[in-house]
Amino acid sequence: MDDGFGNLSLFSRRVLITIGLIALVAILLYFAAQLIDVLLLVFAGILVAVSIDGVSRLVARYLPLARAWTLSLAFLLILFLSVGLGFVIGPPLKEQLPLLIQQLPEALQELAATVMGLPGIEAALKEVDEPGQLINPLLEQFTAFFASTFGAIASFFLILLIGFYLVLSPSMYLGNMLLLFPPARRGRWLDVFINQGRALRLWLLSRLISMLFVGVSISIGLYFLDVPMAGALGLIAGLLTFIPYLGPILGMIPTVLIAFLTSPELALYAIVLYLVVETLESNVVMPIAAKGVVRLPPAYTVIVQLAGAAVAGLAGVILATPLAVVAVVAIQMLYIEDVLGDDVDVLGK
């Protein structure tokens, strides 16, 4: 009986330990869910730090200077480009963006009225007392999306602040992170963090190239098509290209709506323009301009974006892909290589 009691006690202890671990994981997940906005803000700051570090490394490639000098030159270069870009595109965008936000609801109403006038639509909606019951929620969601997009600028300076602090003393923060792991594993985790940073730099490079090409091409194309507010629409298209695959679709919506106010034919031309620009970006520009950049498979990317939207809304969609890049590198190195013992081409390596 003593042996049985001892075995029962051992089993009970294991059960209690398992329950305790599950409870601990549940508590951590709960607090992570409560702090999801803060965690995403911190990760956005990490992306800023990685971007600045990438510019610093680019400067160091051509100027053999100490890191403090290359980092200072990187700051000055980014500041100079930002101010110059602001002087060039700032005045027209200052006039166009408020007008664009004002006309988008009108354009959506116009499109909805046209759709309602198509044969068979009225019969399909005969059970709805007021068509506005369908249109108004759609209109509110659409305008709320763009309002939140532009409202996100309020967090911009905080993200910059986090990024600047991280890039000024990366070894300090990285060293503190490594203290969380057993001494025997710290070297391996350091390799993981280094490869994650490299993969993020390459991914950001691919997004920068895509954003510049799409934004400039769309602006020029819309200008020659005589679509109103071509500069503002091109800016939106370029910024939303940061979100792979879903971003270009979202960027096309306001352009099509504004063009539809002029004529349905112009809206069709705008759609063709987007298809041509996106095809050139995917099949010509990226393969030539950015060999070896990090690009996740389309299906994986869309899945993680939908998951990000379910967890954190718009911020989750924006940051889902770079988070997936970080996760893929960790899985490849810590699980596929270390646990399974298989060789794998680590993302961005």
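What you see is a predicted model; the values in this text were computed from it and never measured.

Details of the packing of helix α8 (residues 183-224) against helix α12 (residues 298-337)
Where α8 meets α12, the closest approach of the two axes is 9 Å, and the angle between their N-to-C directions is 145°. Crossing of α8 over α12 shows right-handed handedness. Residues Arg 185, Arg 188, Trp 189, Asp 191, Val 192, Asn 195, Gln 196, Ala 199, Leu 200 and Trp 203 of α8 touch α12, and the partners they reach there are Thr 321, Pro 322, Val 325, Val 326, Val 329, Ala 330, Met 333, Leu 334 and Glu 337. Looking at the contact of α8 with α12 residue by residue, the class counts come to 12 nonpolar, 3 polar and 4 charged.

Concerning the confidence of the model for the protein
Summary statistics for the protein give a mean pLDDT of 80 and a share of 81% for residues scoring 70 or more. The secondary structure element of the protein with the lowest average pLDDT is helix α5 (residues 132-151), at 49, and the one with the highest is α8, at 91. Note on residues 1-5: pLDDT is under 50 here. Beyond four places in sequence and across chains, it has 0 contacts. Within the model, the stretch residues 128-135 combines pLDDT values under 50 with 8 contacts to residues more than four positions away or in other chains.

Side note on helix α2 (residues 36-62)
Here α2 contains 27 residues, and its C-alpha end-to-end distance of 40 Å stays within 8% of the 39 Å for a straight helix at 1.5 Å per residue. Buried within α2 are the following residues: Leu 40, Phe 43, Ala 44, Gly 45, Leu 47, Val 48, Ala 49, Val 50, Ile 52, Asp 53, Ser 56 and Val 59.

A closer look at the side chain of Gln 305
Note that Gln 305 resides in helix α12. Among the polar contacts made by the side chain of Gln 305, one reaches the main-chain carbonyl oxygen of Pro 244 at a distance of 2.7 Å. Gln 305 has contacts with Ile 243, Pro 244, Leu 246, Val 317, Ala 320 and Thr 321, leaving out every residue within four places of it along the chain.

So, the nonpolar core
Counting residues in each nonpolar core, the largest one holds 30 residues, and the members touching the most others are Leu 47 and Val 325. Taken together, the elements giving at least two residues each to this core come down to α2, α6 (156-168), α8 and α12. The element that contributes the greatest number of residues to this core is α12, accounting for 9 residues. When near neighbours in sequence (up to four residues on either side) are disregarded, Leu 47 contacts Leu 200, Leu 204, Phe 242, Leu 319 and Pro 322. In this structure, Leu 222, Ala 230, Ala 237 and Ala 267 belong to the second largest nonpolar core, which totals 27 residues.

About the criteria used
Residues numbered from 1 in each chain as written. Predicted model: local features only at pLDDT ≥ 70, side-chain atom pairs only at ≥ 80, totals over all residues. Heavy atoms only, no water. Axes fitted to C-alpha atoms, helices over the stretch in contact; angles between N-to-C directions. Helix = DSSP H or I, 4+ residues; strand = E, 2+ residues; numbered from the N terminus. Left-handed = near helix turned anticlockwise from the far one by under 90°. Contact = heavy atoms within 4.5 Å. Nonpolar A, V, L, I, M, F, W, Y, C, P; charged D, E, K, R; others polar. pLDDT = per-residue confidence, 0-100. Expected span 1.5 Å × (residues − 1). Buried < 20%, exposed > 50% of the residue type's maximum accessible area, 1.4 Å probe, protein only. Polar contact = N/O pair within 3.5 Å; in protein donor to acceptor, adjacent residues only side chain to side chain. Core = buried A, V, L, I, M, F, W, Y, C linked by side-chain atoms within 4.5 Å.

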